[in-house]
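Residue-level structural notes
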Amino acid sequence: MPNILCPHCYGVNRVPDQRIGEGPKCGKCHKPLFSAKPIALDDAGFERFISRSDLPLLVDFWAPWCGPCKMMAPAFEQAAARLEPRVQLIKINAEEQQSVAARFAIRSIPTLILFRGGSEIARVSGAMDASGLVSWTTKQL
């Protein structure tokens, strides 16, 4: 039974594997655990997800002034709809959350990092379309 963090209240939920695809809700706030949309996190929220979630996390490091980031945003949202509930997609504004960006040595944006069990397992820089995002993520897992 993996630990799944609620994107609304950050509560930790244990959901049986066979029920993950059935639209589980948070035991604390009763909102859906999966919304088919990326989760925007600050430093504290990211730390909680990275340290407590048992699901793979695909993190998009981006900035509001970045043209390729803006172009990739709709594709990242489409990828969330296709990858959840197997993977949770997270967005980190590298300009606002500089300590997280520095911790992972983000030198160019957009940069995508795939985490499993709190550890980085893959990284790629540059914009991708939704199919490319899904394909790359699936190959890494």
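Note that the structure is predicted; figures quoted are calculated from it, not measured. (Residues numbered from 1 in each chain as written. Predicted model: local features only at pLDDT ≥ 70, side-chain atom pairs only at ≥ 80, totals over all residues. Heavy atoms only, no water.)

As for the side chain of Glu84
In this structure, Glu84 sits in the loop between helix H2 (67-83) and strand S5 (88-93). Of the side chains with opposite charge, Lys37 lies nearest to the buried Glu84, which makes no salt bridge, at 10 Å. Setting aside its immediate chain neighbours within four residues, Glu84 contacts Phe34, Ser35, Ala36 and Lys37. (Helix = DSSP H or I, 4+ residues; strand = E, 2+ residues; numbered from the N terminus. Buried < 20%, exposed > 50% of the residue type's maximum accessible area, 1.4 Å probe, protein only. Lys, Arg positive; Asp, Glu negative; His and termini not counted. Salt bridge = Lys/Arg side-chain N within 4 Å of Asp/Glu carboxyl O. Contact = heavy atoms within 4.5 Å.)

Observations concerning helix H4 (residues 130-140)
Inspection of H4 places Ala130, Leu133, Val134, Trp136 and Thr137 among the buried residues, and these make up the whole buried set. Around the axis of H4, the buried residues are gathered within 165° of arc, so they sit on the same side. Buried-residue contacts for H4 involve strand S4 (57-62), H2, strand S6 (111-116) and strand S7 (119-125). (Arc of directions from axis to C-beta.)

Here's the deal with the packing of aromatic side chains
Counted according to the given criterion, the structure contains five aromatic pairs. Aromatic pair Phe104 and Phe115: ring centres 5.1 Å apart, planes at 75°, arrangement edge-to-face. Residue Phe104 is found in the loop between helix H3 (98-103) and S6, and its partner Phe115 is found in strand S6; the two are separated by eleven residues along the sequence. You'll find Phe104 and Phe115 in the same group, each marked buried. Ring pairing ties together the aromatic residues Phe46, Phe61, Phe104 and Phe115, which thus form one cluster. (Phe/Tyr/Trp six-rings, centres within 6.5 Å; stacked < 30°, edge-to-face > 60°.)

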